[in-house]
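Here are the chains, one letter per residue:
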Amino acid sequence: MKKDTFFIFDRNHNNSFSKLSVEEKQVLLTSLTSFGVNYQDSLHLDPSLSFGLEIEFVSLMLSFVSNYIDREKMYGWQVKEEEQGIISFFKNGSLYGGEITTPKSYDKKNSWESIKIVLEFLKMHGALINEFCGGHIHIGKNILEDSLLYLERFIKLWIVFEDVVIRFGNQRSSGGRKYQIHAARVCGPSLYCYLNYHTKKLNYDSFSLEIPRYRLSSLSFRDFFREDGTIEFRNPDGTLDVVLWQIRVLFFGRLLMSVKNETNDFDLIDKMICNYNMEDYTLENCAKFYFNKALILADFIFDNNLDKAFFLKTYIKEETLIRKKGNIMCP
């Protein structure tokens, strides 16, 4: 590939980014820094995939938000005080700051329009995101089809790529929001121990029922065991940007969908599991830039260049990188 080669970021092209040469990766990185991300009516996810968003904010009175939801008859939306008591506070007898949650949603135009309208309302009336706000995403467990194989594959992917996922979910390259160490702890090491302990997996029910259920971890299975259960991704920080919400839903949705793709190289994931070192997975290390590893994950879960670009653009954080041969060859 020549130095002036550019990448076409659309759904009709699917380059294997992880197999590029060092020089080609430099070109890709440069192309990504100038790539623009726009709002979409649909992310082209599996129609059966459901999701819900928890949008935390500060500086706006909760009753004002509740009245808006009621007045506009936005059924299924809920406004409430933030559970940990970190961002909600009383001022002159009124409660300010909290979270607003979407109803069970699907990747459809009307769902995204509603989310966009609510986010615009919050911004218009003074809601802010501070360093304590989170942006949690729930995805329906039905996408795994009660399959032991799919669940095990997903847990392995999380263990291996948790460092990439956590950096992806943070808007700052220096690390995540304050209080993340308490509200969204690294959980790969505990899942790794769990996986090793259950080397003989009898069936889906016995395996899933003993998954660690820590709520305050980057990946939470607390709501997994309800009939209409979900997997909660807690590592992302807060945002009122609908496009960023779309990129995150796209990523976590594709991550779950990828475990059903039999053309994926799951032997590679098993090899990475064998080389897993729990001590490497701290929040500090998860803020570091692992470009090669991010490319492997992009190739694994996405089937087109456009979706890969959405993910990688968010992962690299717009930061200034020294683009000298060899410098992007990160672990």
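What you are looking at is a predicted structure, and each value in this text was computed from that prediction instead of being measured.

*Asks:* Can you lay out the pattern of salt bridges for me, pointing to particular residues and giving the numbers?
*Replies:* A side chain of one charge can pair with a side chain of the opposite charge when the charged atoms of the two come close. Under the criterion given, the structure shown has 16 salt bridges. A salt bridge links Lys80 to Glu99; the nearest nitrogen and oxygen atoms lie 3.5 Å apart. Here Glu99 lies in strand S4 (residues 94-101) and Lys80 lies in strand S2 (residues 78-80), a separation of 19 residues in the sequence. Judged by its relative accessible area of 3%, Glu99 falls in the buried class. Between Lys308 and Asp299 there is a salt bridge, and its shortest N-O distance comes to 2.8 Å. Asp299 shares its class with Lys308; the two are buried. Overlapping salt bridges, with partners in common, bring together Arg11, Arg254 and Asp307 in one network.

*Asks:* Quick one: what's the story with helix H2 (residues 62-71), residue by residue and with numbers?
*Replies:* Burial in H2 covers these residues: Leu62, Val65, Tyr68 and Ile69. Looking straight down H2, one finds that the buried residues subtend no more than 125 degrees of arc, so they occupy a single side. Those residues of H2 that are exposed and angled more than 90 degrees off the buried face are Asp70 and Arg71. Where H2 is buried, its residues contact strand S1 (50-61), S2, S4 and helix H3 (109-124). Of the residues flanking the end of H2, it is Lys73, one or two places downstream, whose phi is positive at about 55 degrees.

*Asks:* Describe in detail the packing of aromatic side chains, supporting the description with residues and values.
*Replies:* This model, assessed by the stated rule, comprises 23 aromatic pairs. With centroids separated by 5.8 Å and ring planes inclined at 45 degrees, the aromatic side chains of Trp158 and Phe233 adopt a geometry described as tilted. With Trp158 in helix H4 (residues 148-169) and Phe233 in strand S8 (residues 230-233), the pair connects residues that are 75 residues apart, well separated along the chain. Summarising the burial analysis for this pair, Trp158 and Phe233 share the class buried. An angle of 20 degrees between the planes, with centres 4.2 Å apart, marks the rings of Phe233 and Phe252 as stacked. Of this pair, Phe233 sits in strand S8 while Phe252 sits in helix H8 (residues 242-257), and the two are 19 residues apart along the sequence. Comparing Phe233 with Phe252, the two get one shared label, buried. One cation-aromatic arrangement involves Arg167 over Tyr315; the distance from NZ or CZ to the ring centre is 5.1 Å.

*Asks:* Any details on the state of the cysteines? Residues and values, ideally.
*Replies:* Two cysteines whose sulfur atoms are joined by a covalent bond form what is called a disulfide. With the rule as written, the count across this model stands at zero disulfides. A disulfide-free cysteine, Cys286 has its sulfur positioned 9.9 Å from the sulfur of Cys187, the nearest such atom. Using a relative accessible area of 0% as the deciding quantity, one classes Cys286 as buried.

*Asks:* Report on the environment of Asn292, specifying residues and quantitative values.
*Replies:* On the secondary structure map, Asn292 appears in helix H11 (residues 291-301). The class of Asn292 is buried, set by a relative accessible area of 12%. A sequence separation of 275 residues divides Asn292 from Phe17, and the C-alpha atoms of the two residues are 8.9 Å apart.

*Asks:* Tell me about the nonpolar core, residues and numbers included.
*Replies:* Leu122 and Phe311 are the most contacted members of the largest nonpolar core, which has 97 residues in total. Ranked by residues supplied to this core, first place goes to H4 with twelve residues. Excluding anything up to four places from it in sequence, Phe311 contacts Val164, Phe168, Phe251, Ala294, Leu297, Ala298 and Phe302.

*Asks:* I'd like a rundown of the pairing of S1, residues and numbers included.
*Replies:* Counting buried positions along S1 yields ten of twelve residues, so the element is predominantly enclosed. For S1 and strand S5 (residues 105-106), the ladder comprises two bridges, and the chain directions are antiparallel. Residue pairing across strands places Ser50 opposite Tyr106, the latter belonging to S5. Direction of pairing for S1 relative to strand S6 (residues 135-140): antiparallel, over a ladder of five bridges. Counted as the bridge partner of Glu54 is His136 from S6. Of the pairings in the sheet, the one linking S1 to S4 comprises five bridges and is antiparallel in character. Within S4, the position partnered with Glu54 by the bridge is Thr101.

*Asks:* Mind laying out unusual backbone geometry, listing which residues take part and the relevant values?
*Replies:* If you check the backbone angles, Ser59 has positive phi at about 70 degrees while not being a glycine. Within the secondary structure layout, Ser59 lies in strand S1. Using a relative accessible area of 36% as the deciding quantity, one classes Ser59 as partly exposed. Non-glycine residue Asp146 carries a positive phi angle of around 55 degrees.

About the cut-offs
- Residues numbered from 1 in each chain as written.
- Predicted model: local features only at pLDDT ≥ 70, side-chain atom pairs only at ≥ 80, totals over all residues.
- Heavy atoms only, no water.
- Salt bridge = Lys/Arg side-chain N within 4 Å of Asp/Glu carboxyl O.
- Helix = DSSP H or I, 4+ residues; strand = E, 2+ residues; numbered from the N terminus.
- Buried < 20%, exposed > 50% of the residue type's maximum accessible area, 1.4 Å probe, protein only.
- Arc of directions from axis to C-beta.
- Contact = heavy atoms within 4.5 Å.
- Phe/Tyr/Trp six-rings, centres within 6.5 Å; stacked < 30°, edge-to-face > 60°.
- Lys NZ or Arg CZ within 6 Å of the ring centre and 35° of its normal.
- Disulfide = S-S within 2.5 Å.
- Core = buried A, V, L, I, M, F, W, Y, C linked by side-chain atoms within 4.5 Å.
- Pairing = 2+ DSSP bridges.

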